[in-house]
Amino acid sequence: MENTLKATIAKAFQALYNTEIKAEDLSLQSTRKEFKGDFTFVVFPYLRFSKKKPEQTANEIGEFLKTKITEIIGFNTIKGFLNIELSSSYWLNEFNKIINTQNYGLATPSSKPTIMIEYSSPNTNKPLHLGHVRNNLVGYSVAEILKASGHKLLKVNLINDRGIHICKSMLAWEKWGNGETPESTNTKGDHLVGKYYVRFDKELKKEIATLIAQGKSQEEAEKEAPLMQQVQAMLRQWETGDAATLALWNKMNAWVYKGFDETYKRLGVDFDKIYHESETYLLGKTIVIKGLEKGIFYKAEDNSVWCDLTNDGFDKKILLRSDGTSVYMTQDIGTAVQRFEEFDLDRLIYVVGNEQIYHFKVLFKILEKLGYTWAKKMYHLSYGMVELPFGKMKSREGTVVDADDLLTEMEAQAKAISKALGKLENYTEEQANDTFYKIAISALKYFILKVAPVKTMLFNPAESIDFNGNTGPFILYTFVRIKSLLKKSELENSLPKSVETGIAAQETELKLIQLISTYPAIVQQAADDFNHAAIANYIYELVKEYNHFYHQITILKETNQQLKQFRLLLSQKVSQTIESGMKLLGINLPERM
RNA sequence: GCCCCCAUAGUUCAAGGGAUAGAACAAGAGUUUCCUAAACUCUAGAUGCAGGUUCGAGUCCUGCUGGGGGCACCA
């Protein structure tokens, strides 16, 4: 219909004002809800062709459209806005098309090229906190949205399993651990390792304070602290492949992986491939050396290798240390090359926090300088920090919101509310717990994903477990109410495949059809913008409109069978659209709550 | 010092250059002989400042203010 309207408007310009305008250059928008109409055409930009007043121009075009398109039952013009009103039979006909479309709103799977998306990328020295949760949820959701838009997706995780940070936990465990294990302490492995990371930091600070008291400067003290010296020695031992160090490293990392797996499972995220930094950190060196030979990079007097980006708006960037070892950038160059060699990728998306914007700009620029044409296919999907009402999250200081604790707390809250409302009677304990989990995880995911990725967001733990308002549980509630309605109707599986387009549909019903009809475009837009918040906001709008409908319109007691069936079909399609959209956010829905 | 991002009701978030800037929470007032009241209805309340571009600016440009982040032989 939008295309028909545009084509006809173009014809109107030809017929009325003798002006050639391409139909695809015209833009239509949905009429805002405070005005009557379905689609709106803004005439202001075209007044130079009509040479008439806005309202007159709009009226003339409106009249032209009305005579050409039978579905138009009327129009109104307010200033330069032409609001086109379509008949209810048009919308009911649209509805019939929609309910007979398989996987409505989703493009054919794998009909578009492959996209690789890297997300999560945790360090193995501490458990996941709220910042990681945002990363995981954003990465997973964007992957689902891109899949829905037709792309084939490769979800990958690069685990940062080596370096000084994990050595800190290892050293602290050796010194003060007394052989503790996850089993002996009944602690998740990542939490146990994190405990020693915090311990290391605490002990190091003590040493530094002592040295400063003895007259050293801050800088000297940090360098000379015995713990610092020891941990650096440990990293060197790791790099030379010292058996005992590697054994400890393997043992503690295994604890962490087991813990991460539990958290990933609980968050409902997964990966098609996992990379470990311990296996990739040497990559890139030969590429850098080749670049050096080609004169793209240069060597400093001390033998360190650099890339001069001062003509590209960046600084100079070191690529190999004077001792010949790699840095973070070197590794990223290597893994990028490896990935494009291994897979035929249309895009490579990195979901990484916005503190690394500069790093990725430099990475992409260096790859471009090296002559890789695929460098322009790389994209850094950055997201803002998660802030807390009481200050910053610092894992070394223990001021974090731990991912596992948060989920547990939210499940308890869901349970308390359900109990207080007397819901879920005659559910088994297992069924009830599954429902509490679904409610809690929906609250967390929706809370985070309704905010656009670029924004720094504030996470208030007290408010986040409030299940009223624009929240996941609010959407879940609407969904289960529809489920209950369909069940009670006893017609769920015997509804017709179409409705009579002559029935008297109410305004709220037509509004719902209209909203559902925009779903495919919303999915596409969200995919183009990598923006899960567009999906979240859309579902919320749909749910609000449905709740309005639900309160205003009688369904099961409607005596007109055609109307009753239509309302049930409409409810069913709304529930399916909610389910489809929520799946793109990684949220599964319960049957009852 | 240089660079990047953000700035919208008391608070947390919306708004593909378009109309009277939407919600939610918090505040106040209502709605259950009726399909799940975790709902619905109503009231009050906002574009940091100064210019510019445009028929039209929360949105684009410039400057300023405020907040965050980045500029390591760390990752």
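Residues numbered from 1 in each chain as written. Chains lettered and ligands numbered in written order. Predicted model: local features only at pLDDT ≥ 70, side-chain atom pairs only at ≥ 80, totals over all residues. Heavy atoms only, no water.

Let us look at the environment of Gly74. Mapped onto the fold, Gly74 is located in strand E3 (residues 72-78). A sequence separation of 13 residues divides Gly74 from Ser87, and the C-alpha atoms of the two residues are 8.4 Å apart. Dropping the residues within four chain positions of it, Gly74 is found in contact with Lys66, Asn83, Ile84 and Glu85. (Helix = DSSP H or I, 4+ residues; strand = E, 2+ residues; numbered from the N terminus. Contact = heavy atoms within 4.5 Å.)

On to the sheet that holds strand E2 (residues 39-42), then. Strand order across the open sheet formed by four strands is E1-E2-E4-E3, with antiparallel pairing between neighbours. One side of each edge strand has no neighbouring strand; the edge strands of this open sheet are strand E1 (28-30) and E3. Within the sheet, the average angular offset between the axes of one strand and its neighbour, ignoring direction, is 30 degrees. Two strands pair when backbone bridges link them, and E2 and strand E4 (residues 81-86) are joined in this way by four bridges, in the antiparallel orientation. Bridge pairing links Phe41 to Leu82 in E4. (Pairing = 2+ DSSP bridges. Axes fitted to C-alpha atoms, helices over the stretch in contact; angles between N-to-C directions.)

Neighbouring residues of RNA strand B: 64 residues in total, closest Arg32, Asn160, Asp302, Asp315 and Tyr477. What you see for RNA strand B is that sugar and phosphate hold 59% of its atoms within 4 Å of the protein. Here a sugar or linking oxygen of RNA strand B and a side-chain polar atom of Asn547 are 3.3 Å apart. (Near = heavy atom within 4 Å. Polar contact = N/O pair within 3.5 Å; in protein donor to acceptor, adjacent residues only side chain to side chain.)

To continue, consider the domain arrangement of chain A. What the domain assignment lists for chain A is domain 1 (2-86) and domain 2 (443-584). A C-alpha centroid distance of 31 Å is found between domain 1 and domain 2. (Domains from an automatic or database assignment.)

The final tally for this structure, using the stated rule, is 27 aromatic pairs. Here Phe41 and Tyr46 contribute two aromatic rings whose centre-to-centre distance is 5.5 Å and whose plane-to-plane angle is 20 degrees, an arrangement assigned as stacked. This pair shows no difference in class: Phe41 is buried, exactly as Tyr46 is. Aromatic side chains Phe360 and Phe364 sit 6.0 Å apart centroid to centroid with 50 degrees between the ring planes, which places their arrangement in the tilted category. Residue Phe360 and its partner Phe364 are both found in helix H15 (residues 357-369); the two are separated by four residues, about one turn of the helix. (Phe/Tyr/Trp six-rings, centres within 6.5 Å; stacked < 30°, edge-to-face > 60°. Buried < 20%, exposed > 50% of the residue type's maximum accessible area, 1.4 Å probe, protein only.)

As a further point, take the packing of helix H19 (residues 472-489) against helix H23 (residues 561-584). The interhelical angle for the contact between H19 and H23, taken along N-to-C directions, is 145 degrees, at an axis separation of 10 Å. Pair H19 / H23 crosses with left-handed handedness. Across from Gly472, Ile475, Leu476, Phe479, Ile482, Leu485, Leu486 and Ser489 in H19, the residues of H23 making contact are Leu568, Ser571, Gln572, Val574, Ser575, Ile578, Glu579 and Met582. For the contact of H19 with H23, a count of residues per class yields ten nonpolar, five polar and one charged. (Left-handed = near helix turned anticlockwise from the far one by under 90°. Nonpolar A, V, L, I, M, F, W, Y, C, P; charged D, E, K, R; others polar.)

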